[in-house]
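One letter stands for each residue in the lines below.
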Amino acid sequence: MAQFKSDFLNVLDQRGFIHQGSDLEGLDALAAKEIVTGYVGYDATATSIHIGNLITVTLLYWLQETGHRPISLMGGGTSMVGDPSFRDDQRQLLSVEKINTNIESIKRVYSRILRYGDGPTDAIMVNNADWLLKLNYVEFLRDVGRYFSVNRMLSFDSVKLRLDREQSLSFLEFNYMIMQGYDFVELNRRYGTVLQMGGSDQWGNIINGVELSHRMGGAQLYALTTPLLTTSSGQKMGKTANGAVWLNGDLFSPYDFWQYFRNTEDADVEKWLKIFTRLPLDEIARIAALGGSEINEAKKILATEITAIVHGREAAEQAAETARAFFESGTSSANLPTTTIDRGPNEEWQLGRTTAAIIVASGLVSSGSEARRKIEEGAVRINDRLISDPKEIVFWQDLYEDTGAFKVQLGKKKVVLVRPV
C-alpha cells in the first residue's frame, strides 16, 4: 500500500478507490500543501443517478473531508449529446426542459452527501450548459478541435469496441469527448479546478482534458479514476433483475436499497464498507472479521450505514426495522415497499384478481410469463401462502387488515405490498 503525503490520497488508497492516475506524485504534493479543487461530471440522462455513481460522489465527499473543494458538474450541455462510452447504441436525445428536470431531481442526493456553501472547502454545483450552449461552432473547432487527434480518439476502448462490433457511432457522439475535455479546461479557468475524477471507463475522456490544457498552454491538470465496481463473483454491481439500483427513493425505495446491500456477498462486505461507508478503518476491520452467522450482522451494518448516507438515518433505521419485523418476527409491516393494482370496472374483477396479475403488479417480475415461471418454481407466496396456480383468484376480502394490501413474496427476501385502488 502506497504512502502518500496528503490526507486525501492516503484515504483513497486505504479505502480502495484508486485505479489509475495521470501524475499521482504531483497531485499528492499539491494536495499536501494547498486546497485542491476537483470535480466529477454527471450527465442528467435520468431523474436519478445510480449506485455505480455513488463511488464517485463518495470521492467528492472524501475530497471535502480532507480539506479540499469538490465540484459536482451537471452535464446540462453534454446531456444533449450523450456519452457513447461502452454503449451499443446512441442515447435518446433529451430536450432542455427534460434535462433541467432531471438535474433538479438529482440534486437531492448530492445535498445529503456534500456540504454546499461559499466557504473555501464548500462544494459547488455547476452546469456545463453555462458555457457549452454559448459556444460558436466554427470558433470552437478552430480553438479547441484542432488539438484532438482523430486517430487517437479512435483508439480509445469506449469508441474502438463500438466500431469493432460494427455498430454505428454518430458524429454527434464522437464530439462528446471533445466537449468533456473542454469542460476540464473551462472549469480550471473559472474555478481553478485541477483534478477530474471518475470511473475507470472515463479514463480516456478525462485524459483528453489534461492534455488539452497542456496543448492550449494552460495549467497542469490531474486525472484520477476508480476501479469498476464488480462483486466477488464477477457481476457488475448496481444491477438487479428489475433494473438499476437508483439513489432516488421514488425510483428505488430505501427499503429495497437497504435489502440490496443486506444481500451483499460475504467476500464483498469489507470492500463495500471501505468504499461506501464513513466508518473508521479499524471499526471496518473488526466488523469484517465476523464469521459464521455473525457475517449477517456485518451486512446489516453495511446496509444501514449506506442507506443512511443516501436516504437519511431515519429512513435507514426504518428499513432495518421493517426487515427485522418481517424476516425475524414474521410480522407484516406497512413500511414495506408498496405498489397498487386496479380493482377495475370489469365484472370478473369484482371479487379479486389472479395470482399472476398481483405478482406482476408487485414489480417483482416484469411479465405474466415470468410470474407463471416463478410460480412453477415454487418461489412465490401471497399472504404467506405458497402459490401453485397462476389463474387462482385472490379475493379482495383477503387483504391484510393492518396494511389493506396483499403481501407478495418472491424467494426468501423480496417482499412487496400490493394495495388495490
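Notes on the structure follow. (Residues numbered from 1 in each chain as written. Predicted model: local features only at pLDDT ≥ 70, side-chain atom pairs only at ≥ 80, totals over all residues. Heavy atoms only, no water.)

**Some remarks on the overall build of the protein**
Selection criterion: Each helix corresponds to a stretch of at least 4 residues labelled H or I by DSSP, and each strand to a stretch of at least 2 residues labelled E; elements are numbered beginning at the N terminus. Relative accessible area decides the class of each residue, using a 1.4 Å probe on protein chains only: under 20% of the type maximum gives buried, over 50% gives exposed, and in between gives partly exposed. Note on contacts: a residue pair qualifies if any of its non-hydrogen atoms lie within 4.5 Å across the two residues.
Across its full length, the protein holds 18 helices and 15 strands. Per-residue burial over the protein gives 51% buried out of 421 residues. Contacts spanning at least 24 positions in sequence make up 72% of the contacts within the protein whose residues lie at least 6 apart.

**Some words on the packing of helix 13 (residues 269–276) against helix 15 (residues 295–311)**
Rules: Axis lines are fitted to C-alpha atoms, over the contacting stretch for helices. Their N-to-C directions set the angle, which ranges from 0 to 180 degrees. By definition in this entry, angles of less than 35 degrees are roughly parallel, angles greater than 145 are roughly antiparallel, angles of 65 to 115 are roughly perpendicular, and the rest are oblique. It is the rotation of the near helix from the far one that decides the hand of a crossing: anticlockwise by less than a right angle makes it left-handed, clockwise makes it right-handed.
For the pair helix 13 and helix 15, the least separation of the axes is 10 Å and the interaxial angle reads 20 degrees. When the axes of helix 13 and helix 15 are compared, the pair comes out roughly parallel. As for how helix 13 packs across helix 15, the hand of that crossing is left-handed. Touching Val269, Trp272, Leu273 and Phe276 of helix 13 are Ile295, Ala298, Lys299, Leu302, Ile306 and Ile309, all from helix 15.

**Observations regarding the side chain of Thr121**
The criterion, for reference: A 3.5 Å cut-off defines polar contacts: any pair of N or O atoms within that distance qualifies, except that in protein one atom must be a possible hydrogen donor and the other a possible acceptor, and neighbouring residues in sequence count only when both atoms are side-chain atoms.
You can see Thr121 is positioned in the loop between helix 4 (96–113) and strand 4 (124–127). The exposure class of Thr121 is buried, given its relative accessible area of 18%. Among the polar contacts listed, one links the side chain of Thr121 to the side chain of Arg115, at a separation of 3.4 Å. The residues touching Thr121, leaving out its near neighbours within four places in the chain, are Ile35, Gln64, Gly67, His68, Arg69, Pro70 and Arg115.

**A short note on the sheet that holds strand 9 (residues 338–341)**
Stated formally: What makes two strands pair is DSSP finding at least two bridges between them.
One open sheet accounts for five strands, arranged 9-15-14-11-12; its pairing is mixed. Looking at strand neighbours, the two that pair on one side only are strand 9 and strand 12 (385–386), the edges of this open sheet. Judged from the four bridges that link them, strand 9 and strand 15 (residues 414–420) form a sheet pairing that is parallel. Each bridged residue has a counterpart across the sheet, and for Ile341 the counterpart in strand 15 is Pro420.

**Considering a nonpolar patch on the surface**
The test is simple: Patch rule: a residue counts if its relative accessible area is over 30% and it has no salt bridge; like charges are joined within 9 Å, and nonpolar side chains (Val, Leu, Ile, Met, Phe, Trp, Tyr) within 5 Å. To measure how exposed things are, a 1.4 Å probe is used in the Shrake-Rupley method; for residues, cover is taken only from the protein chains shown. The term salt bridge refers to a pairing of a side-chain nitrogen on Lys or Arg with a carboxyl oxygen on Asp or Glu at a separation within 4 Å.
Residues Tyr137, Val138, Leu141 and Phe171 make up a contiguous nonpolar surface patch of about 440 Å² in total accessible area. Tracing the chain through its elements places Tyr137 in helix 6 (residues 137–143).

**With respect to the nonpolar core**
What counts is decided by this rule: Each nonpolar core is a collection of buried residues, namely Ala, Val, Leu, Ile, Met, Phe, Trp, Tyr and Cys, held together in the definition by side-chain atoms within 4.5 Å.
Counting residues in hydrophobic clusters, the biggest one holds 99 residues, and the most contacted among them are Met197, Phe257, Phe261 and Phe276. With nine residues, helix 3 (residues 51–65) is the largest single contributor of residues to this core. In contact with Phe257, other than residues within four places in its own chain, are Ile51, Val245, Trp246, Leu247, Phe252, Ile306, Thr307, Val310 and His311. Within the second largest apolar cluster, 20 residues are counted, among which are Ile358, Val365, Val394 and Val408.

**Details of the pairing of strand 15**
The buried count for strand 15 comes to five of seven residues, which makes it a mostly enclosed element. Two elements, strand 14 (residues 406–410) and strand 15, share five bridges in a ladder whose sense is antiparallel. Following the sheet pairing, Lys407 is matched in strand 15 by Leu417. Count of turn residues in the strand 14/strand 15 antiparallel hairpin: three residues, of which Gly411 carries a positive phi of about 70 degrees.

**Looking at the packing of aromatic side chains**
Short version of the rule: When two rings of Phe, Tyr or Trp (its six-membered ring) have centres within 6.5 Å they constitute a pair, described as stacked for plane angles under 30 degrees, edge-to-face for angles over 60, and tilted for the intermediate range.
Applying the stated rule across the entire model yields nine aromatic pairs. When the ring of Tyr61 is compared with that of Trp62, the centres are 5.0 Å apart and the planes differ by 75 degrees; the resulting orientation is edge-to-face. Here the two residues Tyr61 and Trp62 agree in accessibility, since each one is buried. Residues Phe257 and Phe261 carry aromatic rings whose centres are separated by 5.4 Å and whose planes lie at 55 degrees to one another, so their mutual orientation is tilted.

**Details of the pattern of salt bridges**
Tallied over the full model, the rule gives 15 salt bridges. With a shortest N-O distance of 3.8 Å, Arg215 and Glu211 are connected by a salt bridge. Highlighted residues: Arg215 and Glu211, both in helix 11 (residues 203–215), separated by four residues, approximately one helical turn. For Glu211, a relative accessible area of 23% corresponds to the partly exposed category. Glu377 is the partner of Lys374 in a salt bridge, and the nearest nitrogen-oxygen pair spans 3.8 Å. Counted as one network, the salt bridges with shared partners bring together Glu186, Arg189 and Arg190.

**Description of helix 15**
We apply this condition: Here a helix's expected span is defined as the number of its residues, less one, multiplied by 1.5 Å.
Compared with an ideal rise of 1.5 Å per residue, which puts 17 residues at 24 Å, helix 15 spans 24 Å between its outermost C-alpha atoms and is within 8% of the ideal. Most of helix 15 sits inside the fold, with 13 of its 17 residues counted as buried. Positive phi appears at Gly312, one or two residues downstream of helix 15, with a value of about 100 degrees.

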